Structures are given as C-alpha cells and as structure tokens.
Amino acid sequence: MSFSSKTATSSPIEGQKPGTSGLRKAVKVYQTPHYTENFVQSILKGGLHDKLCGSSLVVGGDGRYFGKEATELIIRMCAANGVSKVIVGLNGLMSTPAVSCVIRKYQTDGGIILTASHNPGGPDADFGIKFNTSNGGPAPENVTNSIFEFSKSIGEYRICPDLPVCIENIGSSVVQVDGSDFTVEVIDPVSDYAEYMKTIFDFGAIKELMSSGFTVLVDAMNGVMGPYAKRVLGEELGAPDSSLVNCIPKEDFGGKHPDPNLTYAADLVNEMAKGQHDFGAAFDGDGDRNMILGKKAFFVTPSDSLAVLADNLDCIPYFKTTGIKGLARSMPTSGAVDRVAKSKNLNCFEVPTGWKFFGNLMDAGCLSLCGEESFGTGSDHIREKDGLWAVLAWLSVLANTKVTVEESIKQHWNRYGRNFYTRYDYENCESAPANKMMEDLNAFVADKSNIGKSFTSGDKTYKLATADNFCYTDPVDCSLSKNQGIRLIFADDSRIIFRLSGTGSSGATIRMYIEGYENDAAYL
Ligand code: VG1
Ligand code: CO
C-alpha cells in the first residue's frame, strides 16, 4: 500500500518548554488544535535534526488517557517526516525503563514516551510527552532547548493523515509513504526488558528466597507496571497472583495519583502494616519510580535505599562483570550514598535534579549506580531510573545477606550514621509569589555576611557553612546548568534546599528538602 503525506499550516504555541522530564500539561491543553502536532514536530526536527530522514524511533507510554490518540498521531507524523521505522509497544504501552532498554537494544535513534509519570491521568488530569536520545536516556538540556526553540518558530507540520494505524496486534507492517518504505513494528512491551533483567540478576537466588516463605506485596498503582510485575515477579520468580495488586493499566489510574510514596500508596502501606508480608513495593505510572517497604510497613527512604544498594552491589551479577565505576545522586538527595562512596574509595557525583544529568557520566563509563530522593533508583544497565530493577536489586540483597529490610537499614545506620531526611512539597502555589520567594532566597545566599551565622532548634545549633544556588558543570561535556536550587549547608553537613518543581502542569510547586546527619547511636 502507498500513501502520501501533506504539510499542514500551524503557528507557534507558547510554553512548549520541556521541564525536568518532558512537557507536562493538562490533557485539555494537549487536545487544543495543533498543540500535540506542534510539539511532536518540534521533537522530530529539534530533537533529530539531519538524522530525522531514515531514522528509527521507539514509541511507548504509560497507558494514560490520550495516549492511544497521541501514539497514532506520532506514527502518522513520523511517516510524513521521513522516519523509516517506528517500534511501538502493544496498545501503545511501554514503561519508561523498557523504552530505554528497547532504544539501546535495537540501536534506534531515540524514542518518544507518552507519560506524565506520577501525575494523575484522565480527561481532567495530565498528559506528557518526553523525548529520549539514542543512548536511551532523557534528552539533555541542549536537545530540549533546541526542541523548545523550534516550537517558537513553527509554521507547519507534516502528517500522513490517511495512514491506517493499528497497534492492537503484535507484528510488523511495511507501507510506502511518499515512495519510501515505512515500517511499524508492534512489539510485546515486556519481553525485551524481562529478558534483560535475567542477565543482570541471579533469578535463581531470588526465586529461592521467594519460595522460602518470604512474602512480597507489590502495587503497580494501575499504571504500566502491572504486566511487567506479572511477568517478572509472577511468572519468572514465583510471586503468587494475589501478591501483585492494581496490575491492570488504567487510563485514569483508577482515579488515584500513581505516585509511590507514603501518601499516595497508602493502601499498600496499610496492608503492609498488618505484618503479613516481608517486602512491599510500589511503582509510579510509567514504572521508573519505586518505593520499598519492609515488614510492618518499615519505610526505606529513597536516599537510604540508594546507599544500601551501593554498599551491596556485589550481590548483583551485572556489577561483577562491569565493575563499579562510580556512584551519583541528585543534589537534593541525602548524602548517605556519599559515605558509602568514601568508604569504598569510589567517585560520587552530585548532579542537578532529573535523570537526564546522569546519562553523560554513564556513557563516559564513570557511573554505575545512582538515585534521587524522589523514589528514583537505577544503574547504567539503561539510561532511565528503573522501578522494577530497584525491586530486583533489593531482593538480590535480601537473598544474599539473609537479613530483613529493617535490619539491613539499621545495620547501615550503625555503620555509616544516619542521614535524617524529609521533603515538603507546597503544591498549586501561584507562580509570581513563588518566584519572588526564590528571588529573596537568592539574595540571602548572595549575602556572604550570613555565612557563619548560627541557628538553634531544640538542643542543636547549626552554623551556616555554605550558601549558594547550585550550579553544575557536566564533567563530560562541560555544559553549565545554573539555578538548580538554593542550598544552605551547615557545618555538620546538615542541609536545607529549596527549588521549584519542573514537572507540574500549571502554577508552581515549591520543594523544601531538609537533611540532618547523626552518628550518635542514642539517636539512631
Ligand atoms: C521530580 C523529581 C525529580 C524527578 C522528576 C521526574 O522533578 O523531583 O527527582 O527526576 O520529578 O520523575 P521536579 O522538577 O518536579 O522536582 V518522573 O518519575 O516524573 O519521570
Ligand atoms: Co515516572
């Protein structure tokens, strides 16, 4: 069959600037005329430039409302823009880590992920589009900037409106578009990822743990992770069906926030609190975040999770082969992992918030394991944070060390001290006063007379040692990222950090992160 594409006239739409992780807006915004088309065209031109013609791309999403329409539109626009092949997950589904895995495995030129991650879904909630580059990772800032620049001057987009698109059956189809072959390959979104996990972990050891009376409870929060949890934890590792809950992806995530934390995964927390399961985990909508709980809902902070995994990487076969090249965390993540790095004589990098900042370090062979306080953990096996990988990593550690989750954390605190950590989110703030607050904080950190001042709370006094707005120079390409968050660092390494979120769909969210270090056994 052969088809011809056409050029449609359009004009720039304000605000198509990708944030921490893609462009997140209300579904209703994405549904306005030309909104999605403009952004997709900007990704294709601004993200791929002269590689666009003849390129191959992966397309997948977390199954949220508007995902299918967007997938079909992207395929029709790829066809019209000279892309030669699109690999798409069955029904448009593919977790964010699986997209990264598939881009790398099939060496495509990148991928487009349809997700607003942990933001709620449905006709009145959020949608998002994210571009990943050929290393499988989120586009770095120079690429997202070029996408944004393109969106500001767009005058037309290309589309093949008559191309029939069916993503409901696995298989490959080739058609002629403007005289060239255009292939759409619909794949099982789980298989490649599941096969890869088997090469990273010792599934035999985890299986043995799972058949020894050790019980798990895993909540996929009605997001994309259901089929992955069922295949890997259920079919491969023997977790009973009843232990894998909310595993059917829903367009509105069942009306919930698919965000794996103590607030939004409260059902899991309450069930774990009954003490009937040894290990609990939840994922976000697109499967890159994880929350780990021990028996009786013992909560593992993401920062501690990263540090404990860093201390136990020798339990995971993958790292025996690759070696441990270095560790990293995002700036607001607690310094617990830094202490592990120090004791193991490993480099530990501190990057701005957002997974895109880890990619260069991994590509350059400087980084094996990294994480963020926002429930993101991952390694250089792919270029995204990876929720199920984190669960498998924890199960590997437990299988190997034969201690409980709680014991492993407490042993860690005893050895390294404890980084007490909390984050406050002030959501739905008005933008102008939030910006003013950041300006005032900027003025505070610029005033060096504040250094050395002491602040007392309870029986503790904190002396301000450093105050700045975090600025990051990428060690690999030397690119500079300014204004990444206000840092107040005290003499004992305690910190207070303020930054504005880059994932909200409207208004402002202020995040305040507080960390205090303690190594006095009486306080642990
Ligand atoms: C938040 C988190 C950040 C994370 C990002 C994307 O960003 O703080 O650590 O990388 O979400 O995660 P922000 O700018 O709102 O603080 V996900 O799971 O939404 O792809
Ligand atoms: Co996510």
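Since we're looking at a predicted model, the values are computed, not measured.

About the cut-offs
- Residues numbered from 1 in each chain as written.
- Chains lettered and ligands numbered in written order.
- Predicted model: local features only at pLDDT ≥ 70, side-chain atom pairs only at ≥ 80, totals over all residues.
- Heavy atoms only, no water.
- Helix = DSSP H or I, 4+ residues; strand = E, 2+ residues; numbered from the N terminus.
- Rg over C-alpha atoms; globule rule 2.2 N^0.38 Å.
- Buried < 20%, exposed > 50% of the residue type's maximum accessible area, 1.4 Å probe, protein only.
- Contact = heavy atoms within 4.5 Å.
- Lys, Arg positive; Asp, Glu negative; His and termini not counted.
- Charge placed at Lys NZ, Arg CZ, Asp CG, Glu CD.
- Phe/Tyr/Trp six-rings, centres within 6.5 Å; stacked < 30°, edge-to-face > 60°.
- Lys NZ or Arg CZ within 6 Å of the ring centre and 35° of its normal.
- UniProt positions renumbered as here; feature names shortened; annotations may be inferred.
- Core = buried A, V, L, I, M, F, W, Y, C linked by side-chain atoms within 4.5 Å.
- 1 Å grid on protein atoms, 1.4 Å probe; cavity = no way out; pocket = protein on both sides within 12 Å on 5 of 7 lines; lining within 4 Å.
- Points joined across faces, edges and corners; volume = space filled by probe spheres on them.

Trainee: Would you mind showing me how to read the overall build of the chain here?
Mentor: The helix and strand inventory of the chain stands at 16 helices and 27 strands. At 23 Å, the chain has a C-alpha radius of gyration in line with the 24 Å of a compact globule built from 524 residues. Overall size of the chain, expressed as C-alpha extent along the three principal axes, is 75 × 60 × 40 Å. By residue count, 57% of the 524 residues in the chain fall in the buried class. When contacts within the chain are restricted to residue pairs at least 6 apart in sequence, long-range pairs at least 24 apart make up 71% of them. Put simply, the chain has 50 plus and 63 minus side-chain charges, and the middle of one group is 3 Å from the middle of the other.

Trainee: Got a minute to help me understand the packing of aromatic side chains in this structure?
Mentor: Within the structure shown, the criterion is met by 15 aromatic pairs. Where Phe-201 meets Trp-389, the ring centres are 6.1 Å apart and the plane angle is 55°; that geometry is what we call tilted. Separated by 188 residues along the polypeptide, Phe-201 in the loop between helix H6 (191-200) and helix H7 (203-210) and Trp-389 in helix H14 (residues 387-401) bring together distant segments of the chain. Judged by its relative accessible area of 3%, Phe-201 falls in the buried class. Each ring, one from Phe-357 and one from Tyr-472, has its centre 6.1 Å from the other, and the planes form 85°; the classification is edge-to-face. With Phe-357 in the loop between strand E17 (348-351) and helix H13 (359-363) and Tyr-472 in strand E23 (residues 472-473), this residue pair connects regions lying 115 residues apart in the sequence. With relative accessibility at 8%, the residue Phe-357 sits in the buried group. Grouped by ring-pair contacts, the aromatic residues Tyr-30, Tyr-35, Phe-66 and Phe-127 constitute a single cluster. Between Arg-339 and the ring centre of Tyr-517, over which it is positioned, the NZ or CZ distance is 3.4 Å. Positioned above the aromatic ring of Trp-413 is the side chain of Arg-418, whose terminal nitrogen or guanidinium carbon lies 3.8 Å from the ring centre.

Trainee: Could you clarify how one ought to interpret the UniProt feature "domain: Alpha-D-phosphohexomutase alpha/beta/alpha" (unreviewed entry) in the chain in this entry?
Mentor: Per the UniProt record, "domain: Alpha-D-phosphohexomutase alpha/beta/alpha" (unreviewed entry) is found at residues 16-156, 192-293 and 306-416. Span residues 16-156 is 38% helix and 22% strand, its end C-alpha atoms 15 Å apart. Between the C-alpha atoms that bound residues 192-293 the distance is 28 Å, and the span itself is 36% helix and 15% strand.

Trainee: How should I be thinking about the nonpolar core in this particular structure?
Mentor: One recurring pattern in soluble globular proteins: nonpolar side chains tend to sit buried together. Counting 73 residues, the largest nonpolar core has Leu-233, Phe-279 and Trp-389 as its most contacted members. At 11 residues, H14 tops the list of elements feeding residues into this core. Setting aside anything within four residues of it in sequence, one finds Leu-233 in contact with Met-210, Val-218, Tyr-228, Gly-238, Ala-239, Leu-244, Leu-388, Val-391, Leu-392 and Leu-395. Tyr-30, Tyr-35, Leu-57 and Ala-79 belong to the second-largest nonpolar core, a separate cluster that totals 45 residues.

Trainee: Please explain the layout of surface pockets as it appears in this structure.
Mentor: Rolling a probe over the atoms, with the probe sized like a water molecule, indicates the empty space that remains. In this structure, the largest pocket spans a volume of roughly 1,000 Å³. If you trace the largest pocket, you find 35 residues lining it, with Gly-19, Thr-20, Leu-500, Ser-501 and Gly-502 closest to the centre. Elements represented by at least two residues in the lining of the largest pocket include exactly strand E3 (23-26), helix H5 (141-152), helix H16 (431-446), strand E26 (495-500) and strand E27 (508-518). In terms of residues, the lining of the largest pocket owes the most to one element, H16, which gives four residues.

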